[in-house]
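Geometric and topological summary
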Protein chains: 2
Amino acid sequence: MKKILNPNKNEWSALMQRPTRNFKEIEATVTQIFKEIQQKGDVAVAKYTSFFDGIELSKISVSDVELKEGIALVPNELKDAIKQAKTNIEAFHSAQKTERITIETTEGVSCWQEKRPIQKVGLYIPGGSAPLFSTVLMLAVPAQLAGCQEIILCSPPNKDGKINSAILYAANLCGVTKILKVGGIQAIAGMTFGTESIPKVSKIFGPGNQFVTVAKQVATQFGIAIDLPAGPSELLVVADDSAIPAFVASDLLSQAEHGSDSQVILVSTSKKMITAVEKEVEEQLNKLPRKDIAEKAIGNSKLIYVENDTIALDFINEYAPEHFIIATANEDFYVDGIQNAGSVFVGKYTPESAGDYASGTNHTLPTNGFAKNYSGVNLDNFLKAMTFQKITEKGLQNIGKTIEIMAEAEGLQAHKNAVTLRLNALKNKNI
Amino acid sequence: MKKILNPNKNEWSALMQRPTRNFKEIEATVTQIFKEIQQKGDVAVAKYTSFFDGIELSKISVSDVELKEGIALVPNELKDAIKQAKTNIEAFHSAQKTERITIETTEGVSCWQEKRPIQKVGLYIPGGSAPLFSTVLMLAVPAQLAGCQEIILCSPPNKDGKINSAILYAANLCGVTKILKVGGIQAIAGMTFGTESIPKVSKIFGPGNQFVTVAKQVATQFGIAIDLPAGPSELLVVADDSAIPAFVASDLLSQAEHGSDSQVILVSTSKKMITAVEKEVEEQLNKLPRKDIAEKAIGNSKLIYVENDTIALDFINEYAPEHFIIATANEDFYVDGIQNAGSVFVGKYTPESAGDYASGTNHTLPTNGFAKNYSGVNLDNFLKAMTFQKITEKGLQNIGKTIEIMAEAEGLQAHKNAVTLRLNALKNKNI
């Protein structure tokens, strides 16, 4: 890990840099596959499933029988764990429901805002080495709470043409309406255009490798909304002398094992803590099965000493971490002062992995500094806020003049006319 | 206007088509200007202001003296109108504030969600023939309510090097922190990268011509968030025999005068109403100063007869209009059933122009079918929802096992370790 002592303000922007990726060369491939799937539907999907996943499937939708078989394979202990996590995620996301907001802004002018579900959503769940069934919970639970009519889940088939059984179990538990064995670019393209087997959706959620990330960006060019611009996962811990080095090290490593491009940072006002954490990281790293991945990520990571909490907070707000752990005695200083972070973990007994799985908060969060301008996934991401208004005769008389004056000043006569005609009708009516 | 009687379901998708635009040829220009402004800052901004706006400015930020002079030019009647509109917009957007949501999902596991402002936002206000000071209200009012620290406004200078005085008045009234005389691609690029005079922002809001629209899309490639993908404005009116043809016609025309690519649609269960509205549109059109623009838009527009309200509602939900006016006796059927619309106007005395200016709802809304997956601008667009969690020793003991089981099943050992270490420490502590 790189140690940086008391960085000067003009060195900050270099410290804010995330590992960069170049998507340009992937874009051409993605655009080509999109074009083919738009034109040829399922035939093109099958071609790319064969090419990328090495399997030919006669049918890509998961049947009831397959689903049952998959569910039976999940150990009861894991089922119970998934159910507890679901209960907590459901509780936290239910609490985010907002009621209709109604207000009479002027006598006779009623305005209201109401949230209605996005009708068709698509969830992408990666396959591969780590089957992310936890992400199924994080996306399907709020989708179901929001009342989305169709919740489509796409995940790549393994060499046997199957989807991981824990993913099937979680999808079934959380109200997913259709599960499809399709992954990568072809899944995103399928949900963008719709094919014979894959329904077209309005919004696509979920993580993925660089191909999926670029495919989601390309999907937006075709009118599809996406959850978040994605990037490698990151964690920033602030720790003072009250922290426990072993805990801090375990948190840094839990982030580092995600991928070799993950980024972990420790900011501390204690040089002693920095040295102690560094030592702990080395010790714990050696015991990890994903040591190779974590080691690379740790290589890119930084231990930053700063002189006081104010500087630390400024730095953290400028960095805008996806995950932010507060391991200091003066927790409130950071809780109150943090302006830019995806999710915040407060205190010694709040590891990031709690939020990744089971505490109730969502783990789909803004990376790469996007915590400055994006929220993590929450209930509202599955809803649209629509506004309504109803104006009475009296109400129009109250605000009509204002509308006429403003429309005229903007040079929009027909906007004015729509009011004038009505005001005149009311005048005649009153005579 | 094109009349369509009882369209077959397989004709719907053609009727949903919006006037298309091809942005590809603009993109190269935009990318070039972005590159230059990223490298050369103010010098490049000045070059393009000279090129596009035909003016050389020694200073682009509006001084206090200029601001005062501008404000003095606004007639009192218009000032009062703007103030009334602001009061209503403020009332409706204040009502959208949400409190911190706290929930203990499991004993000892506290999760909370809190919204904090996006710190730096940029508002783009077009100049040209129609100075959209109303848009200043629609964007600056919620930005100020949200607590954004920096609210930057860019608007192109006119031939005298000035910004329209009503725009200056509204900006000053609504807490804009800096006003810059810069428009088009150069304004968006400036706010994306920051220059000597233009602050870098995290999110850009506001309408604009096709150059601004593409520039906003390009800005997202550099980590900037934007309010909405933009498209030509649209209105759909549903009317039965109870509607007043002159009112309906005036609403269709108020939308049509926005631009020759605006789209207006009447859906009706009454052939009589369709004929009556068509006649009224012709009559009112001839008296409009922006007749040429409105005539072109009306040429693209559609009068659609359908047999009953259920078909009408299905069609409207599939079309997903930006503005939706309900001019029928059974208002509630449509109010309850509409799933996809930006803003809904209910009843005879609720013209769309009320929402454009003064009722209190926002006029920055999703076009081009985006009402299926996007909200119109609201208070939350200026905030990020951040989550927090704090777990006690007891809390971690309650959910620790669940996290361990799930992390292990996903093959993420370091995630498990972060919990195991802590649970072991607690065991030892309790001995």
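Residues numbered from 1 in each chain as written. Chains lettered and ligands numbered in written order. Predicted model: local features only at pLDDT ≥ 70, side-chain atom pairs only at ≥ 80, totals over all residues. Heavy atoms only, no water.

**Brief notes about unusual backbone geometry**
It is generally the case that most residues other than glycine have a negative phi and that most peptide bonds are trans. Residue and element names in this part refer to chain B. Just so we agree on the cut-off: Numbering of helices and strands starts at the N terminus; helices are DSSP runs of H or I of at least 4 residues and strands are runs of E of at least 2. Each residue is placed in one exposure class: buried if its accessible area under a 1.4 Å probe, protein chains only, is under 20% of its type's maximum, exposed if it is over 50%, and partly exposed if it falls in between.
Phi is positive for Asn6, close to 50°, though the residue is something other than glycine. Structurally, Asn6 is set in the loop between β1 (2-5) and α1 (12-16). Under the relative-accessibility criterion, Asn6 is labelled partly exposed at 34%. One non-glycine residue, Ala320, adopts positive backbone phi at about 55°. Turning to its location among the elements, Ala320 is positioned in the loop between α13 (309-319) and β12 (323-327). Under the relative-accessibility criterion, Ala320 is labelled buried at 0%.

**Regarding helix α3 (residues 42-53) of chain B**
Owing to its 3.6 residues per turn, the α-helix brings residues three or four apart onto one side. Residues and elements named next belong to chain B. Put simply, the rule is: Working rule for helices: expected span equals 1.5 Å times residues minus one. Here, the arc refers to the directions that run from the helix axis to the C-beta atoms. By definition in these notes, contact holds between two residues if any of their heavy atoms fall within 4.5 Å.
Here α3 spans 15 Å end to end across 12 residues, near enough to the 16 Å set by a 1.5 Å rise per residue. Looking at α3, one finds that the buried residues are Asp42, Ala44, Val45, Tyr48, Thr49 and Asp53. Across the axial projection of α3, the buried residues extend over an arc of 155°, all falling on one side. Away from the buried face of α3 by more than 90 degrees, exposed residues Val43 and Phe51 are located. Tucked into the core, α3 has its buried residues touching α2 (24-40) and α8 (184-193). Remark: Gly54 follows α3 within two positions and exhibits a positive phi of approximately 65°.

**Some details on the UniProt feature "binding site: Zn(2+)" (unreviewed entry) in chain A**
Stated formally: UniProt positions are given in the numbering used here, feature names are shortened, and annotations may be inferred rather than shown by experiment.
If you check UniProt for "binding site: Zn(2+)" (unreviewed entry), the listed places come out as Gln255, His258, Asp356 and His415 of chain A in our numbering. In terms of the greatest pairwise C-alpha distance, the residues named above, spread along 161 residues, do not form a single cluster, extending to 55.5 Å across. Topologically, Asp356 of chain A is positioned in helix α15 (residues 352-357). What makes Asp356 of chain A buried here is its relative accessible area of 7%. Non-local contacts of Asp356 of chain A, meaning those with residues more than four positions away in its chain, are made with Ser134, Met138, His258, His323 and His363 of chain A together with His415 of chain B. Assignment of secondary structure puts His415 of chain A in helix α17 (residues 413-430). For His415 of chain A, the contacting residues outside a window of four places in its chain are Ala407 of chain A together with Ser254, Glu257, His258, Ser353, Asp356 and Tyr357 of chain B.

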